[in-house]
Amino acid sequence: MDMLKPTNLIEAVADSVQYRKSVSKFATGIAIITCEDDDGKVHGMTINSFTSISLDPPTVLISLKPGKAHRLITKSGRFGASILSEAQQDHSSHFSGRPQESLVPDFVIRHSVPTLRQCLAWFECDISECVQVHDHTLFLARVRHCDGIDGSPLMFFGSQYHRPVIASQVNA
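Quick caveat, the model's predicted, so the values are computed rather than measured.

The helix and strand tally for the protein stands at four helices and 12 strands. Surface exposure of the protein reaches about 11400 Å², of which carbon and sulfur atoms provide 55%.

Set out below in C-alpha coordinates:
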(Lines give C-alpha, C1' and ligand atoms only; values in the text may rest on other atoms or scores of the structure.)
Protein backbone atom coordinates (compact mmCIF):
# COMPACT_ATOMS: atom_id res chain seq x y z
CA MET A 1 0.00 0.00 0.00
CA ASP A 2 1.30 3.45 -0.91
CA MET A 3 1.79 5.96 1.85
CA LEU A 4 -0.37 9.04 1.64
CA LYS A 5 1.62 12.02 0.50
CA PRO A 6 0.67 15.60 1.27
CA THR A 7 -0.74 17.41 -1.72
CA ASN A 8 -1.58 21.06 -2.01
CA LEU A 9 -2.84 22.23 1.33
CA ILE A 10 -6.37 23.51 1.36
CA GLU A 11 -6.35 27.22 2.06
CA ALA A 12 -9.64 27.35 3.97
CA VAL A 13 -9.50 26.33 7.64
CA ALA A 14 -12.52 25.63 9.81
CA ASP A 15 -13.61 28.44 12.09
CA SER A 16 -12.18 27.72 15.57
CA VAL A 17 -15.48 28.41 17.36
CA GLN A 18 -17.41 26.12 15.00
CA TYR A 19 -14.67 23.48 15.25
CA ARG A 20 -14.83 23.50 19.06
CA LYS A 21 -18.63 23.19 18.96
CA SER A 22 -18.48 20.35 16.42
CA VAL A 23 -15.70 18.37 18.10
CA SER A 24 -17.53 18.60 21.45
CA LYS A 25 -20.08 16.19 19.96
CA PHE A 26 -17.52 13.39 20.23
CA ALA A 27 -17.98 11.81 23.66
CA THR A 28 -14.76 11.09 25.53
CA GLY A 29 -13.71 9.63 28.82
CA ILE A 30 -11.68 11.65 31.30
CA ALA A 31 -8.20 10.69 32.49
CA ILE A 32 -5.73 12.15 34.95
CA ILE A 33 -2.16 12.08 33.69
CA THR A 34 0.39 11.86 36.50
CA CYS A 35 4.13 12.33 36.74
CA GLU A 36 6.68 13.17 39.41
CA ASP A 37 8.93 16.21 39.69
CA ASP A 38 12.58 16.05 40.83
CA ASP A 39 11.48 16.16 44.48
CA GLY A 40 9.11 13.20 44.10
CA LYS A 41 5.99 15.39 44.27
CA VAL A 42 3.15 14.08 42.08
CA HIS A 43 1.77 16.44 39.45
CA GLY A 44 -1.58 15.64 37.82
CA MET A 45 -3.44 17.00 34.82
CA THR A 46 -6.92 16.32 33.44
CA ILE A 47 -7.09 15.22 29.80
CA ASN A 48 -9.63 13.72 27.45
CA SER A 49 -7.07 12.97 24.73
CA PHE A 50 -6.16 9.45 25.90
CA THR A 51 -6.34 6.94 23.04
CA SER A 52 -5.50 3.28 22.64
CA ILE A 53 -3.27 2.96 19.57
CA SER A 54 -2.17 -0.69 19.51
CA LEU A 55 -2.77 -3.93 21.39
CA ASP A 56 0.52 -5.52 20.30
CA PRO A 57 2.54 -4.00 21.77
CA PRO A 58 0.13 -2.19 24.12
CA THR A 59 0.47 1.47 23.12
CA VAL A 60 -1.46 4.62 24.02
CA LEU A 61 -1.37 8.23 22.89
CA ILE A 62 -1.88 11.45 24.83
CA SER A 63 -1.83 15.00 23.50
CA LEU A 64 -0.46 17.87 25.60
CA LYS A 65 0.20 21.57 25.16
CA PRO A 66 3.45 22.95 26.61
CA GLY A 67 3.32 23.32 30.40
CA LYS A 68 4.46 21.65 33.60
CA ALA A 69 3.12 18.16 32.82
CA HIS A 70 4.63 18.34 29.33
CA ARG A 71 8.05 19.30 30.76
CA LEU A 72 8.00 16.61 33.46
CA ILE A 73 6.89 13.85 31.08
CA THR A 74 9.46 14.88 28.48
CA LYS A 75 12.19 14.86 31.12
CA SER A 76 11.28 11.55 32.79
CA GLY A 77 10.09 9.70 29.68
CA ARG A 78 7.09 8.22 31.47
CA PHE A 79 3.65 8.97 32.89
CA GLY A 80 0.70 7.39 34.62
CA ALA A 81 -2.89 7.58 33.43
CA SER A 82 -5.94 7.08 35.65
CA ILE A 83 -9.32 6.72 33.92
CA LEU A 84 -11.98 8.39 36.05
CA SER A 85 -15.19 6.73 37.17
CA GLU A 86 -18.55 8.49 37.13
CA ALA A 87 -18.08 9.38 40.82
CA GLN A 88 -14.82 11.30 40.24
CA GLN A 89 -15.92 14.55 38.62
CA ASP A 90 -14.27 16.41 41.52
CA HIS A 91 -10.91 14.88 40.50
CA SER A 92 -11.37 16.12 36.94
CA SER A 93 -12.09 19.64 38.16
CA HIS A 94 -9.23 19.54 40.68
CA PHE A 95 -6.61 18.62 38.08
CA SER A 96 -7.92 20.99 35.40
CA GLY A 97 -7.08 24.11 37.38
CA ARG A 98 -10.13 24.34 39.66
CA PRO A 99 -8.75 22.97 42.96
CA GLN A 100 -11.30 21.27 45.19
CA GLU A 101 -10.32 22.23 48.74
CA SER A 102 -11.90 19.12 50.26
CA LEU A 103 -10.16 16.74 47.83
CA VAL A 104 -6.95 15.06 48.92
CA PRO A 105 -5.84 12.91 45.96
CA ASP A 106 -4.65 9.45 46.95
CA PHE A 107 -1.81 8.34 44.68
CA VAL A 108 -0.08 4.98 44.70
CA ILE A 109 2.96 3.67 42.84
CA ARG A 110 1.99 0.13 41.86
CA HIS A 111 5.19 -0.51 39.90
CA SER A 112 7.02 2.66 38.84
CA VAL A 113 4.67 5.60 38.16
CA PRO A 114 2.06 7.22 40.42
CA THR A 115 -1.62 6.81 39.53
CA LEU A 116 -4.79 7.38 41.51
CA ARG A 117 -5.46 4.58 44.01
CA GLN A 118 -9.20 4.63 43.18
CA CYS A 119 -10.03 4.85 39.47
CA LEU A 120 -11.77 2.87 36.77
CA ALA A 121 -8.47 1.85 35.13
CA TRP A 122 -4.82 2.78 35.47
CA PHE A 123 -1.82 2.62 33.14
CA GLU A 124 1.92 3.03 33.69
CA CYS A 125 3.55 4.14 30.45
CA ASP A 126 7.00 4.77 28.94
CA ILE A 127 7.28 7.27 26.08
CA SER A 128 8.32 5.65 22.81
CA GLU A 129 7.85 8.57 20.43
CA CYS A 130 6.93 12.27 20.43
CA VAL A 131 5.34 14.04 17.49
CA GLN A 132 4.91 17.80 17.36
CA VAL A 133 1.57 18.85 15.81
CA HIS A 134 0.96 22.60 15.80
CA ASP A 135 0.65 23.69 19.48
CA HIS A 136 0.49 20.14 20.92
CA THR A 137 2.87 17.23 21.37
CA LEU A 138 1.57 13.73 20.79
CA PHE A 139 3.20 11.31 23.22
CA LEU A 140 3.05 7.69 22.07
CA ALA A 141 3.78 5.40 24.97
CA ARG A 142 4.21 1.70 25.66
CA VAL A 143 1.99 0.46 28.46
CA ARG A 144 4.19 -1.36 30.99
CA HIS A 145 1.50 -2.14 33.57
CA CYS A 146 -2.26 -1.65 33.73
CA ASP A 147 -5.41 -2.88 35.43
CA GLY A 148 -8.97 -1.84 36.03
CA ILE A 149 -12.20 -2.51 37.87
CA ASP A 150 -15.85 -2.75 36.87
CA GLY A 151 -17.78 0.50 36.87
CA SER A 152 -19.05 3.36 34.78
CA PRO A 153 -16.87 6.09 33.27
CA LEU A 154 -17.05 9.82 33.73
CA MET A 155 -17.70 11.20 30.27
CA PHE A 156 -17.42 14.56 28.57
CA PHE A 157 -19.85 15.47 25.78
CA GLY A 158 -21.11 18.81 24.51
CA SER A 159 -18.65 20.60 26.83
CA GLN A 160 -20.34 19.06 29.89
CA TYR A 161 -19.77 16.10 32.19
CA HIS A 162 -22.07 13.11 31.82
CA ARG A 163 -22.60 9.88 33.67
CA PRO A 164 -23.67 7.25 31.16
CA VAL A 165 -26.28 4.61 31.80
CA ILE A 166 -24.56 1.29 31.17
CA ALA A 167 -26.79 -1.51 29.85
CA SER A 168 -25.72 -3.89 32.64
CA GLN A 169 -26.91 -1.31 35.19
CA VAL A 170 -30.33 -1.01 33.54
CA ASN A 171 -30.85 -4.78 33.61
CA ALA A 172 -29.69 -5.18 37.22
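You can see Ser63 is positioned in strand S5 (residues 58–64). Classification of Ser63 by relative accessible area gives buried; the value is 18%. Leave out the neighbours within four places in its chain, and Ser63 touches Ser49, His136, Thr137 and Leu138.

Take the pairing of S5 next. Counting buried positions over the seven residues of S5 gives six, a clear majority of the element. The sheet contact formed by strand S4 (residues 51–55) and S5 spans four bridges and is antiparallel. Bridge pairing links Leu55 to Pro58 in S5. Remark: two residues form the turn of the hairpin made by S4 and S5, two consecutive strands paired antiparallel.

A few words on the side chain of Ser92. With respect to the element layout, Ser92 can be found in helix H3 (residues 89–94). By relative accessible area, which is 1% here, Ser92 ends up buried. With residues up to four places along the chain from it excluded, the contact list for Ser92 reads Ile30, Ile32, Thr46, Leu84, Leu154 and Tyr161.

With that out of the way, let us pick up the packing of aromatic side chains. A full pass over the atoms with the stated rule returns three aromatic pairs. Taking 5.3 Å as the distance between ring centres and 70° as the angle between the ring planes, the aromatic pair formed by Phe156 and Tyr161 counts as edge-to-face.

What follows is about the sheet that holds strand S1 (residues 28–29). Read from one edge to the other, the open sheet built from three strands follows the order S1-S11-S12, with strand pairing classed as antiparallel. Of all the strands in the sheet, the pair left with one neighbour each is S1 and strand S12 (160–162). In this structure, strand S11 (residues 155–157) lies alongside S12, joined through three bridges in antiparallel fashion. Bridging from a neighbouring strand, Phe157 pairs with Gln160 of S12.

Counting buried positions along helix H1 (residues 16–23) yields zero of eight residues, so the element is predominantly exposed. One side-chain oxygen of the residue at the start of H1 lies 3.2 Å from the amide nitrogen of Val17, identifying that residue as Asp15.

The subject of this paragraph is the sheet that holds strand S6 (residues 78–83). As summarised here, the arrangement of the seven strands in space is S3-S2-S6-S9-S10-S5-S4, forming an open sheet in which the pairing is antiparallel. Sheet topology places strand S3 (42–47) and S4 at the edges, where each strand pairs with a single neighbour. Across the sheet, the mean angle from the axis of one strand to that of its neighbour is 35°, orientation sign disregarded. Of the strand pairs in this sheet, strand S9 (residues 121–133) and strand S10 (residues 136–148) are connected by 12 bridges, and their pairing is antiparallel. The partner of Val131 across the bridge, within S10, is Leu138. On the sheet, helix H2 (residues 68–76) packs against strand S2 (31–36), S3, S5, S6, S9 and S10 and is oriented at approximately 55° with respect to S2.

Rules used in this analysis
Residues numbered from 1 in each chain as written. Predicted model: local features only at pLDDT ≥ 70, side-chain atom pairs only at ≥ 80, totals over all residues. Heavy atoms only, no water. Helix = DSSP H or I, 4+ residues; strand = E, 2+ residues; numbered from the N terminus. Areas by Shrake-Rupley, 256 points an atom, 1.4 Å probe, with all protein chains shown as cover. Buried < 20%, exposed > 50% of the residue type's maximum accessible area, 1.4 Å probe, protein only. Contact = heavy atoms within 4.5 Å. Pairing = 2+ DSSP bridges. Phe/Tyr/Trp six-rings, centres within 6.5 Å; stacked < 30°, edge-to-face > 60°. Polar contact = N/O pair within 3.5 Å; in protein donor to acceptor, adjacent residues only side chain to side chain. Axes fitted to C-alpha atoms, helices over the stretch in contact; angles between N-to-C directions.

Note that every value here comes from positions in space, so none of it alone points to a role or purpose.
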